[in-house]
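So you can see what is in the structure, the chains are spelled out below.
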Amino acid sequence: MRWLLGLFTMLLIMAIGAAGAVLYGFHHFGRGLPDYEFLADYEPPVVTRVHAGDGRLLAEYARNKRIFVAIDAIPKRVVKAFLAAEDKNFYNHPGIDFISLASAVVINLKNYGTGRRPVGASTITQQVAKNFLLTNEVSIDRKAKEAILSFRIERVLSKDRILELYLNEIYLGFGSYGVAAAALNYFDKPLAELTVAEAAYLAALPKAPNNYHPTRKHAAAIARRNWVIGQMAENGFITQAEADAARTEPLVVATATTTVDETSADYFAEEVRRDLIDRYGDTGLYEGGLSVRTTLDPKMQRIADRALRQGLEEYDRRHGWRGPIAKIEIVAGWGDALAKVERPAGLGDWTLGAVVKADAKAATIGFPDGSLATLPYDQMAWAREWLEDQRFGNTPKSVTEVLSVGDVVPVETLTENEKGEAYAEATVALRQIPDVGGALVAMDPHTGRVLAMSGGYSADMSEFNRATQARRQPGSAFKPIVYLAGLDSGYSPATRILDAPFVLDQGPGLPKWKPSNYSNEFYGPTPMRMGIEKSRNLMTVRLAQTIGMEKVVQYAKRFGVVDEMQPHLSFALGAAETTLLRMTTAYSMLVNGGKRITPSLFDRVVDRHGRTVYRHDDRPCNGCSSASWNGGPPPRIPDNREQIVDPASAYQVVSMLEGVVLRGTGRRIAELGKTLGGKTGTTNENMDTWFVGFSPDLAVGVFVGFDQPRTLGRRDTGSSVAAPIFKLFMAEALDGVVTPDFRIPPGVRMVWIDHDTGARAEPGARGAILEAFKPGTEPTGESMVIGGGMGPAPDGGSAPVSAPASAAPVATSGSGLY
């Protein structure tokens, strides 16, 4: 009995010692542990997704690509796959699985010295403690802290919450954080569509994703996946038949491009990104899990990209060939040398080829794979020599005047000739990446929703967005603002303005300012309408001087063209810098009847919890819910847009801008047969060219110019450079669309007048047009001539020249533009 008592005493002492050791361990390792209670409300960083107006995915922004999914939304098969692989007793242990731990100790002792990797026994709770609260340090100290935190976490959080944190936090390779992101990245599927085999593969990854890469280590990936499938069957999560079927399923992952929509909107998406950062900061964008529904119309975006690229390419080819990309020797191994030539940014769908043979009629183009194609003379005849100031030489008479053996050049593969006939052999055309910049913006003029935005030829060449970041002079595209101010000052489209020399003394030591028309001619008293249709500088300056530049500045700011502008007369000709987006918005407010709009790139922003945090259309809609609608007429939504100008004045400008298309500087656009209006713009020395225009329900702006301002060419104006791009866009965007007439506001009277004189005319008479007048401003026996003293009226009467009493002082500096 004594020895039993001694044994009991020894065991008791050992138990007390062990308990003391445990208590000491809890005290020692439990001091200063990180706060774990925040896990109850923890929200992991998740990806922000940006969608087009039709729901297509445009871009994703995240530091860690993660899509948070609540535990009750994760399919059972996915949950069971991870439990089978990582912690089959998860719902039964207190944070530490002592049974698995003991088993792992026995196995590791048996394997000691064999070189096998030790078996682990970390529970999911322990992994949560490590991933959220500790480091990856391999030490007894860290394991002890991990165990203590696991017990504490289990007391605070439910099992489902712990599992939810784990499944949304773990890294599973392929840039995937959490199971939902992994399902998309590996298989291009939502969680609900994963098969047993696919779920098992994802569950095989937490330990070491790179060790089970689906392509580089395919055999190991299959073996690990099948082991997980076996564990699922052994633990009763699936039947044996399901396990056998899953093991035979091939492991095939989706390509990287399958989760990205084909619509390219790089400039638009980058502008959205900058806007979101301004609103919600870096953290909100990259970790906030926002869902952004943009205003982008994918079809219009594709049209915009094509129109802008084609227009820039056509301009560039008109101004000559700047030479090959590189030069190589055509000797044995030339294909390898060609393959090493760096592919230039902006090459797009074109390819680089080397001239391996050339004569007067054609060149033979070789490619890195050894294939050959013919480049006929007619597909490179455009390649005149480029000269300084965008001048160019004569049309080449042979291929060898342009190309030499060894030249590396961009080419485009052709399938048929201009007659639609298929080529008998591989044929290519000589191409050149434009060095000129440009932009196109398409907008809903009634809401400000930006439907398309192309900020340059290629975002690969430069992310600089010429639609929003390039501040350039609009030239004559600004003139409608001047004429609008004039119409609001009591004048009419038939008011005659003197088109004659204008000289302004700018002060001591400064030359006299002498603006001129583009034609360098003078046309005498001319109706206001012709001043805008023919883009007459002298008429615009005289009108601005009469009404006062302060009023012009006020209207420019009211329409958002500029934030600040000095009241100098040169600014009446578009000398103040602005952006294409601002100009397109201003024209939108003309065609919508003078209602204020704010340009917007997105309709709605929703946070990770589904709450709307931004909505562009903030109008109340009483009775719009399906529960309150009784099947009668749809609810009327109030129009809360601010009226910033007389609707009649806005329509008069729109009517005159329609005349620009029908009879003026934009008349080549009239060939489309649509209801369109707009205005060209060209600055001094042809450095910036514009066309901003609209249909009744679509506003479009185009800008073309070099990033470092220099002349586009002696004869290159808004009419020949920007307007053709506008035409290309509208031809496709409005294809099949019936465009109504521009909307005439109440109170406007349509009167037949002579287009050239502004006098009344008989309906149908030669040169007669219907002109818009406010009541009491129709032509009578008297006629006003702005800037010309006493002048004869078109119908034989006369009238004194007068200006409204609010005429302002005239500034004394500036330069002329056209």
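Since this is a predicted model, take the numbers as computed values, not measurements.

Cut-offs used in this document
In every chain, residue numbers begin from 1 and rise along the written sequence. Restriction of local features to residues with pLDDT of at least 70 applies here, the model being predicted, together with a cutoff of 80 or more for giving and counting side-chain atom pairs; totals for whole chains, interfaces and linings are based on all residues. Just so you know, side-chain values use all the structure's heavy atoms and leave hydrogens and water out. Each helix is a run of H or I in the DSSP string that is no shorter than four residues. Each strand is a run of E no shorter than two, and both are numbered from the N terminus. Each residue is placed in one exposure class: buried if its accessible area under a 1.4 Å probe, protein chains only, is under 20% of its type's maximum, exposed if it is over 50%, and partly exposed if it falls in between. Contact criterion: two residues are considered in contact whenever any of their non-hydrogen atoms come within 4.5 Å of each other. Any pair of N or O atoms that falls within 3.5 Å is considered a polar contact. Within protein, one atom must be able to donate a hydrogen and the other to accept it, and sequence-neighbouring residues count only if both atoms are side-chain atoms. Two strands qualify as a pair provided DSSP detects at least 2 bridges between them. Axes here mean lines fitted to C-alpha atoms, for a helix over just the part in contact, with angles spanning 0 to 180 degrees between N-to-C directions. Should an angle lie under 35 degrees it is considered roughly parallel, over 145 roughly antiparallel, and from 65 to 115 roughly perpendicular; all remaining angles are considered oblique. In this scheme the crossing of two helices becomes right-handed for a clockwise turn of the near helix relative to the far one and left-handed for an anticlockwise turn of less than a right angle. Amino acids outside the nonpolar list (Ala, Val, Leu, Ile, Met, Phe, Trp, Tyr, Cys, Pro) and the charged list (Asp, Glu, Lys, Arg) are all regarded as polar, and Gly is one of them. The nonpolar core is taken to be a set of buried Ala, Val, Leu, Ile, Met, Phe, Trp, Tyr and Cys residues, with the residues joined through side-chain atoms within 4.5 Å. Pairs were defined over the aromatic rings of Phe, Tyr and Trp, the Trp ring being its six-membered one, requiring ring centres within 6.5 Å. Orientation was assigned from the angle between planes: stacked under 30 degrees, edge-to-face over 60, tilted for the rest. Only Lys NZ and Arg CZ are tested; either one counts as a charge over a ring when it is within 6 Å of the ring centre and within 35 degrees of the ring normal. Every residue is assigned a pLDDT by the predictor, reflecting its confidence on a scale from 0 to 100. A carboxyl oxygen of Asp or Glu within 4 Å of a side-chain nitrogen of Lys or Arg is what we treat as a salt bridge. Expected helix span is taken as 1.5 Å per residue step, with the number of steps being one fewer than the number of residues. Fitting axes to the seven residues that end at a residue and to the seven that start at it, the angle between those axes gives the bend at that residue. Patch members must show over 30% relative accessible area and no salt bridge, and they are joined within 9 Å when carrying like charges or within 5 Å when they are nonpolar side chains of Val, Leu, Ile, Met, Phe, Trp or Tyr. Here the accessible surface of atoms and residues is derived via Shrake-Rupley with a 1.4 Å probe, and residues count as covered only by protein chains that are part of the display.

1. Examining the overall build of the chain
Here is step 1 of the chain: For the chain, the helix and strand inventory stands at 20 helices and 25 strands.
Here is step 2 of the chain: When each of the 818 residues of the chain is scored for burial, the buried share is 50%.
Here is step 3 of the chain: A separation of at least 24 residues holds for 69% of the contacts in the chain among residues at least 6 apart in sequence.

2. Examining the side chain of Thr675
Here is step 1 of the chain: With respect to the secondary-structure elements, Thr675 resides in the loop between α19 (647-663) and β18 (677-682).
Here is step 2 of the chain: Judged by its relative accessible area of 10%, Thr675 falls in the buried class.
Here is step 3 of the chain: One polar contact links the side chain of Thr675 to the main-chain carbonyl oxygen of Pro740, over a distance of 3.2 Å.

3. Observations concerning the sheet that holds strand β14 (residues 496-499)
Here is step 1 of the chain: Spatial strand order, β15-β14-β23: 3 strands in an open sheet with mixed pairing. A single partner strand is all that each edge strand has here, and the edge strands are β15 (524-527) and β23 (785-786).
Here is step 2 of the chain: Alignment of β14 against β23, held across 2 bridges, turns out to be parallel. Bridged to Arg496 within β23 is Val785.

4. Some points on the packing of helix α14 (residues 479-487) against helix α16 (residues 537-547)
Here is step 1 of the chain: Two numbers describe how α14 lies on α16: the axes approach to 10 Å, and their chain directions differ by 45 degrees. Relative to α16, the element α14 is oriented oblique. Note that α14 runs across α16; the crossing there is left-handed. Residues Lys479, Val482, Tyr483, Ala485 and Gly486 of α14 lie in contact with α16, whose contacting residues are Asn537, Met539, Thr540, Leu543, Ala544 and Ile547.
Here is step 2 of the chain: In terms of residue class, the contact of α14 with α16 is made up of 7 nonpolar, 3 polar and 1 charged.

5. A look at the nonpolar core
Here is step 1 of the chain: In terms of nonpolar packing, the biggest core is built from 89 residues, with Phe268, Leu543, Phe559, Val561 and Met565 touching the most fellow members.
Here is step 2 of the chain: In this structure, Met565 is in contact with Phe478, Met549, Val552, Val553, Ala556, Phe571 and Ala576, ignoring residues within four places of it in sequence.
Here is step 3 of the chain: With 53 residues, the next largest nonpolar core counts Phe82, Ala85, Leu165 and Ile170 among its residues.

6. Thoughts on the packing of aromatic side chains
Here is step 1 of the chain: Tallied over the entire structure, the rule returns 15 aromatic pairs.
Here is step 2 of the chain: When the centroid spacing of 6.3 Å and the interplanar angle of 40 degrees are considered together, the rings of Tyr186 and Phe187 count as tilted. Across this residue pair, the class does not change: Tyr186 and Phe187 are buried.
Here is step 3 of the chain: Ring-pair connections join several aromatic residues into one group, and the members of that group are Phe174, Tyr186, Phe187 and Tyr201.
Here is step 4 of the chain: Over the face of the ring belonging to Tyr555 we find Arg558, whose NZ or CZ atom lies 4.4 Å from the ring centre.

7. Considering unusual backbone geometry
Here is step 1 of the chain: For Asp188, which is not glycine, the phi torsion reads 55 degrees and is therefore positive.
Here is step 2 of the chain: Along the chain, the position of Asp188 falls in the loop between α7 (179-187) and α8 (196-203).
Here is step 3 of the chain: Even without a glycine there, the phi angle at Asn686 is positive, about 55 degrees.
Here is step 4 of the chain: Checked against the element boundaries, Asn686 lands in the loop between β18 and β19 (688-695).

8. Describing the environment of Asp618
Here is step 1 of the chain: The topology assignment puts Asp618 in the loop between β17 (612-615) and α19.
Here is step 2 of the chain: Among the residues examined, Asp618 registers a relative accessible area of 54% and is labelled exposed.
Here is step 3 of the chain: As a C-alpha pair, Asp618 and Asp603 span 15 residues in sequence and 9.9 Å in three-dimensional space.

9. Side note on the environment of Leu184
Here is step 1 of the chain: Examined against the element boundaries, Leu184 turns out to sit in helix α7.
Here is step 2 of the chain: The spacing of Leu184 and Leu194 is 10 residues in sequence and 9.9 Å in space, taken between C-alpha atoms.

10. Regarding the confidence of the model for the chain
Here is step 1 of the chain: Confidence along the chain averages 86 in pLDDT terms, with 84% of residues attaining 70 or more.
Here is step 2 of the chain: In this model, residues 257-261 is a region of pLDDT below 50 whose contacts with residues beyond four sequence positions or in other chains number 6 contacts.

11. A look at the pattern of salt bridges
Here is step 1 of the chain: A complete count under the given rule lists 39 salt bridges for this structure.
Here is step 2 of the chain: Asp716 is paired through a salt bridge with Arg318; the nearest N and O atoms lie 3.7 Å apart. Residue Asp716 is located in the loop between β20 (698-705) and α20 (718-733), and its partner Arg318 is located in helix α12 (residues 298-318); the two are separated by 398 residues in the primary sequence.
Here is step 3 of the chain: The class of Asp716 is buried, set by a relative accessible area of 7%.
Here is step 4 of the chain: Overall, the relative accessible area of 32% leaves Arg318 in the partly exposed class.
Here is step 5 of the chain: For Arg449, the salt bridge goes to Asp603, with nearest N and O atoms at 2.8 Å. Residue Arg449 is found in the loop between β12 (437-443) and β13 (450-454), and its partner Asp603 is found in strand β16 (residues 602-606); the two are separated by 154 residues along the sequence.

12. Observations regarding helix α11 (residues 266-287)
Here is step 1 of the chain: End to end, α11 covers just 21 Å across 22 residues, shorter than the expected 32 Å (1.5 Å per residue, more than 12% under).
Here is step 2 of the chain: Of all the bends found along α11, the most pronounced is centred on Tyr280 and spans about 115 degrees.
Here is step 3 of the chain: By the burial criterion, the buried members of α11 are Tyr267, Phe268, Ala269, Glu270, Glu271, Val272, Arg273, Leu276, Gly284, Leu285 and Tyr286.
Here is step 4 of the chain: Its buried side turned inward, α11 meets β1 (48-51), β2 (57-61), β3 (291-294), α12, β13 and β16.
Here is step 5 of the chain: Immediately beyond the C-terminal end of α11, within one or two residues, lies Gly289, with a positive phi of roughly 65 degrees.

13. Structural notes on the sheet that holds β18
Here is step 1 of the chain: If you trace the 5 strands from one edge of the open sheet to the other, you get β13-β12-β20-β19-β18, paired in antiparallel fashion. Each having just a single partner strand, β13 and β18 make up the two edges of the open sheet. Along the sheet, successive strands turn relative to each other by an average axial angle of 5 degrees, direction set aside.

14. Overview of a nonpolar patch on the surface
Here is step 1 of the chain: Where nonpolar side chains cluster on the molecular surface, the patch consists of Ile744, Met750, Trp752 and Leu770 and spans about 320 Å² of accessible area.
Here is step 2 of the chain: With respect to the element layout, Met750 can be found in strand β21 (residues 749-754).
Here is step 3 of the chain: The class for Met750 is partly exposed, based on a relative accessible area of 31%.

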